[in-house]
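Coordinates in review
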2 protein chains.
Amino acid sequence: MTISLTEENYIKAIFYKSNSNNIGVSTNSLSNHLKNKASSVTDMLKKLADKKLIRYKKYKGVLLTLKGEKIAINIIRKHRLWEVFLMEKLNFSWDQVHDIAEQLEHIKSEELIKRLDSFLGKPTLDPHGDPIPDEKGKFNETKSIPLNECKILKEIIFIGVKNHTISFLKYLTSIGLGIGDKFKIEAINDFDNSYQIKVKKNNLVFISNDLASNILIKIKNE
Amino acid sequence: MTISLTEENYIKAIFYKSNSNNIGVSTNSLSNHLKNKASSVTDMLKKLADKKLIRYKKYKGVLLTLKGEKIAINIIRKHRLWEVFLMEKLNFSWDQVHDIAEQLEHIKSEELIKRLDSFLGKPTLDPHGDPIPDEKGKFNETKSIPLNECKILKEIIFIGVKNHTISFLKYLTSIGLGIGDKFKIEAINDFDNSYQIKVKKNNLVFISNDLASNILIKIKNE
DNA sequence: ATTATTTTTTAGACTCATCTAAATTTATTT
DNA sequence: AAATAAATTTAGATGAGTCTAAAAAATAAT
Ligand SMILES: [Mn+2]
Ligand SMILES: [Mn+2]
Ligand SMILES: [Mn+2]
Ligand SMILES: [Mn+2]
């Protein structure tokens, strides 16, 4: 059975929109995510259900089958491995890799991915701190919290981003923040819940609560 | 103007079928090459002509415009760079790279190709000895002759293949022949125009005329 | 110069992925 | 419990890319 590029993108979208609860993904949320009309989504859901990649009940939302989930995870694996390649080998910046990986993730060759994985040293995290599932589809999730949930002045490690837009990533770069960096919360303004942090020897940086909610961290020594 | 993957494959096919003489490529030859029906080819030729990528006169065959040619050469450049990547960095063998490169050549990012080119050390030849056009589209052709045109017992350098099928490439590998190898013609059988050659310290290998016609060589010290 | 053959184009149909507009179902308010 | 609003599906249409069958043009053979 062959799966088209379009079908792959639907499968991936369903995976991303799936909650850990067993509640089905709604047609509208897929419609928004994929920027297709809801009626187009319905058409595709019927097709994916025929192929046993999803479980679909009219009006009731949709869930991936095991088969569908495997496909989704494999695409994500490919996407993130290519992102590592683009960053580590071709020196792209972390805000440039996603769009190109969106294309590369659809290249069909299991052997290619196996070799790419080895070539890159079997990385476990992509340039944005997201875990790369292994060949069997296992994610190695490191638990993190958004910076704005941290209410104490602590030493912090920056381990991921919730927002993946180019402008957000570029902004973080501009204030000297990269994945793995340690920084210190110097002050929390309890009026607007904004932060002042100090990255290495840089000056203090002001971070709005909105920004802080998209910065995923781990508290040092914990 | 965007060019679809399908259109790219037609443009590439037209480029490959173009003779150095200014004779148009026929509908049937494209039909054979692409394994599409002639009627489908005609449809696409109309579309490509509308986009000014080809010059097309009904019943008269087709020629690439300068614009079309540029696109064709760029696709070939991408294809061959990816082949080098697959072979040099991911250790694929020369018979495995083509099919994957057929997919990779359609990835759209000029920046990606620029960086890939640098990463690979700006190679000028692909794994099959074919020239890689530079950023400006210039090919650096090295002149070669098919082995079966060489009628004297000489020292030879193997510099390319005319046939790119997996089975042919695998066979060459099995007799110890790889691009750049030097070998000596030990005998030419004038009954069937077959060859006996000696690769390095290996035993003698018998090469049929048919095989020899697909082996591109350069005579050593000439 | 006709006739026959081959090549190419046209006509009409199909699948995939999408859309708009209308109908239907589900959820929310009164 | 109706009425209203929101979400979802159905119906019908479109463009890209393909196909088969038939018509037309170009070539080759008599
Ligand atoms: Mn990404
Ligand atoms: Mn990522
Ligand atoms: Mn190739
Ligand atoms: Mn090649």
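Structure's up top.
Here's what I pulled together on the structure shown here. (Residues numbered from 1 in each chain as written. Chains lettered and ligands numbered in written order. Predicted model: local features only at pLDDT ≥ 70, side-chain atom pairs only at ≥ 80, totals over all residues. Heavy atoms only, no water.)

For DNA strand D, the set of nearby residues contains 22 residues, the closest of which are Lys46, Tyr56 and Lys58 of chain A together with Ser40 and Lys47 of chain B. What you see for DNA strand D is that sugar and phosphate hold 77% of its atoms within 4 Å of the protein. Lysine 46 of chain A places a polar side-chain atom, nitrogen or oxygen, 2.6 Å from a phosphate oxygen of DNA strand D. Side-chain polar atom of aspartate 43 of chain B to a base oxygen of DNA strand D: 3.5 Å apart, as the coordinates give it. When contributions to the surface near DNA strand D are tallied by element, the ones reaching two or more residues are helix 2 (27–34) and helix 3 (38–50) of chain A together with helix 1 (5–17) and helix 3 (38–50) of chain B. (Near = heavy atom within 4 Å. Polar contact = N/O pair within 3.5 Å; in protein donor to acceptor, adjacent residues only side chain to side chain. Helix = DSSP H or I, 4+ residues; strand = E, 2+ residues; numbered from the N terminus.)

Attention now moves to the coordination of the manganese ion (ligand 3). For a metal with four tetrahedral donors the ideal donor-metal-donor angle is 109.5 degrees, whereas six octahedral donors ideally subtend 90 or 180 degrees. Residue and element names in this part refer to chain B. Every protein donor of the manganese ion (ligand 3) is accounted for by His79 (NE2), Glu83 (OE) and His98 (ND1), and the metal-donor separations fall at 2.0 to 2.1 Å. Mapped onto the sequence, the donors of the manganese ion (ligand 3) take the spacing H-x3-E-x14-H. Separating the manganese ion (ligand 3) from the manganese ion (ligand 4) is a gap of 3.3 Å, which glutamate 83 spans by donating to each of them. Within this pair, histidine 79 and its partner glutamate 83 are both found in helix 4 (residues 66–89), separated by four residues, close to a single helical turn. Using a relative accessible area of 6% as the deciding quantity, one classes histidine 79 as buried. (Donors = N, O, S within 2.8 Å, 3.2 Å for Na, K, Ca; no water. Buried < 20%, exposed > 50% of the residue type's maximum accessible area, 1.4 Å probe, protein only.)

In the vicinity of DNA strand C, 22 residues are found, and the nearest of them are Ser4, Ser40 and Lys47 of chain A together with Tyr56 and Lys58 of chain B. In DNA strand C, atoms within 4 Å of the protein come from the sugar-phosphate backbone in 75% of cases. Serine 40 of chain A has a polar side-chain atom sitting 2.6 Å from a phosphate oxygen of DNA strand C. Of all the elements in the fold, those that place two or more residues in the surface near DNA strand C are helix 1 (5–17) and helix 3 of chain A together with helix 2 (27–34) and helix 3 of chain B.

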